[in-house]
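# An overview of the molecular structure
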Amino acid sequence: MDQQKSSTFLESVNRMMDKAASLLTLPQGLAEQIKVCNSVYQVSFPVKFGDGYKIFKGWRAVHSEHRLPAKGGIRYSPDVSQEEIEAMAALMTFKCAIVSLPFGGSKGGLCINPKEFTEEELEQITRRFVQELAKKGYIGPSINVPAPDVGTSAREMAWIADEYKSLYPYDVNALACVTGKPVSQGGIPGREEATGRGVQYGLREFFRHPEDVQRAGLKGGLEGKRVVIQGLGKVGYPAAKFLSEEDGVRVIAVIERDGAVVSESGIPIQQVYAYKREQGKLAGFPGARFLPDGKSALEMECDILIPAAMEEQITSANAHRIKARLVAEAANGPVTYEADEILRSKGIVMLPDIYLNAGGVTVSYFEWVKNISHIGFGRLERRFDETRGMNIIQAIESATGKPIENRLRQQIIHGADELDLVRSGLDDTMRLAYQEIRERMFSHKGIGDLRTAAFVIGLEKVARAYMEMGN
């Protein structure tokens with residue numbers, strides 16, 4: 001099959017959902033109802049710059065409202081399209097269900113290149129977009145909550161929150177209208193790194209199951225595994241950094257837009273990231289070989305391939321040449337439906353995007369809960385835990401007549417702060433979700449892979465919500 005006949009991003013998502021639906025017994029028509037987006041809002045609006053106006057086009061799609069609010073990021077990219085937004089909104093629905101978050105799925109985007117505008121202009125554009133979304137009820141703490149995505153960050157989320165507060169000054173929960181905000185503006189520690197950290201926790205859980213590791217043709221744990229990573233942005237960089245520094249993997253290739261740097265002895269992630277930020281490119285990074293055709297590095301022999309950039313990177317055109325034993329999908333939709341079938345036929349195991357990159361929305365949930373409850377995590381119990389730890393130390397020292405060494409003493413009396421609790425909650429979420437996925441894969445006849453198992457679980461949970469509501 002040539003690349004021209006490959007499924008589009010939305011078609012791939014729908015075909016994967018259809019496959020899951022064929023393995024479940026659902027009321028007639030329910031799967032089709034769940035598959036389509038409930039609504040898609042397309043907007044065009046002007047923004048005045050100097051003596052002239054520019055027109056901007058954007059979308060906000062709501063895939064499912066079986067749980068509210070609907071949740072999903074806003075991206076700024078010249079490549080944004082309605083089909084892409086609908087596909088990602090659908091993925092968000094199933095992603096939230098898989099990791100047991102009480103959200104429906106949504107997604108939004110503006111068709112702009114943010115690099116072409118000043119910070120002041122971007123703020124104007126963002127505030128106008130919020131006004132358009134608010135007019136039609138596509139933003140609000142109880143109905144639809146955006147977050148950062150490609151081309152957006154905590155900065156844009158702060159503008160969104162501020163604009164929403166100006167539109168609804170008496171909404172006591174206004175800060176909860178968006179997540180991914182700066183910590184000083186109602187955000188939560190660990191949100192910026194959350195998706196990459198979730199990738200790390202998901203891979204750790206995979207390697208806790210020797211049977212799964214063996215299925216991938218691998219042995220042992222994460223330490224020493226040879227990794228190729230595509231994308232050194234807000235997902236790829238923290239994932240690569242944490243995995244190399246804390247788990248001992250060896251990143252042998254980093255792929256970016258301008259090419260790839262390769263070194264079998266390992267690439268220092270922080271150094272290559274700093275070089276890219278300073279130079280704006282990977283070419284010339286010392287101590288590594290540069291490949292102008294960066295995408296070719298996806299086909300390198302490695303233990304783990306982590307596509308952490310954009311969708312549709314592995315297609316029917318290059319899937320036959322992929323040599324990784326484990327593909328960990330940190331991006332949304334990096335593998336098309338046809339490529340998925342090819343990789344599975346080669347015995348390659350895939351950790352699917354609807355599970356593996358759920359760290360961002362999981363920590364967004366924590367932030368949303370914090371904003372709704374109006375109290376930070378750990379504030380009530382931190383000093384109590386420290387006092388209890390000190391009492392335990394005193395009891396041990398009194399009973400043994402020996403002092404506890406200082407390092408252990410500090411560990412025992414440490415009361416968890418908000419970042420500790422965020423990481424603990426994210427780790428627990430990724431562990432339990434993976435365990436549920438693998439258990440379904442092994443127990444349900446007809447499911448032979450983690451992606452199908454994840455879609456089955458997500459679809460089943462969403463369908464159950466519809467049936468219980470009587471809709």
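So, here is what we can say about the structure in this document. (Residues numbered from 1 in each chain as written. Predicted model: local features only at pLDDT ≥ 70, side-chain atom pairs only at ≥ 80, totals over all residues. Heavy atoms only, no water.)

### Notes on the overall build of the protein
In terms of regular secondary structure, the protein is built from 16 helices and 13 strands. Relative to a compact globule of 471 residues, whose C-alpha radius of gyration would be 23 Å, the protein shows 23 Å and is just as compact. Long-range pairs, those at least 24 residues apart, make up 70% of the contacts in the protein with a sequence separation of at least 6. A total of about 20200 Å² of accessible surface is found on the protein, and carbon and sulfur atoms cover 49% of it. With 59 positive and 61 negative side-chain charges, the protein shows a separation of 2 Å between the mean positions of the two kinds. (Helix = DSSP H or I, 4+ residues; strand = E, 2+ residues; numbered from the N terminus. Rg over C-alpha atoms; globule rule 2.2 N^0.38 Å. Contact = heavy atoms within 4.5 Å. Areas by Shrake-Rupley, 256 points an atom, 1.4 Å probe, with all protein chains shown as cover. Lys, Arg positive; Asp, Glu negative; His and termini not counted. Charge placed at Lys NZ, Arg CZ, Asp CG, Glu CD.)

### Comments concerning the sheet that holds strand β7 (residues 226–230)
Sheets are built from strands that pair by backbone hydrogen bonding, the pairs being arranged parallel or antiparallel. Spatial ordering of the open sheet is given by β10-β9-β8-β7-β11-β12-β13, a layout of seven strands whose pairing is mixed. Edge positions in the sheet fall to β10 (289–291) and β13 (349–351), since each of these pairs with one other strand and no more. Taking each pair of neighbouring strands and ignoring which way they run, the sheet shows an average axis angle of 20 degrees. Of the strand pairs in this sheet, β7 and strand β8 (residues 250–256) are connected by five bridges, and their pairing is parallel. Among the inter-strand pairings, Ile-229 is bridged to a residue of β8, identified as Val-254. (Pairing = 2+ DSSP bridges. Axes fitted to C-alpha atoms, helices over the stretch in contact; angles between N-to-C directions.)

### Here's the deal with the side chain of Lys-225
Within the secondary structure, Lys-225 sits in the loop between α7 (210–215) and β7. Within the buried core, Lys-225 has no salt-bridge partner, and the shortest N-O distance to an opposite charge, that of Asp-303, equals 5.8 Å. Lys-225 has contacts with Phe-207, Leu-218, Lys-219, Gly-220, Val-249, Arg-250, Asp-303 and Ile-304, leaving out every residue within four places of it along the chain. (Buried < 20%, exposed > 50% of the residue type's maximum accessible area, 1.4 Å probe, protein only. Salt bridge = Lys/Arg side-chain N within 4 Å of Asp/Glu carboxyl O.)

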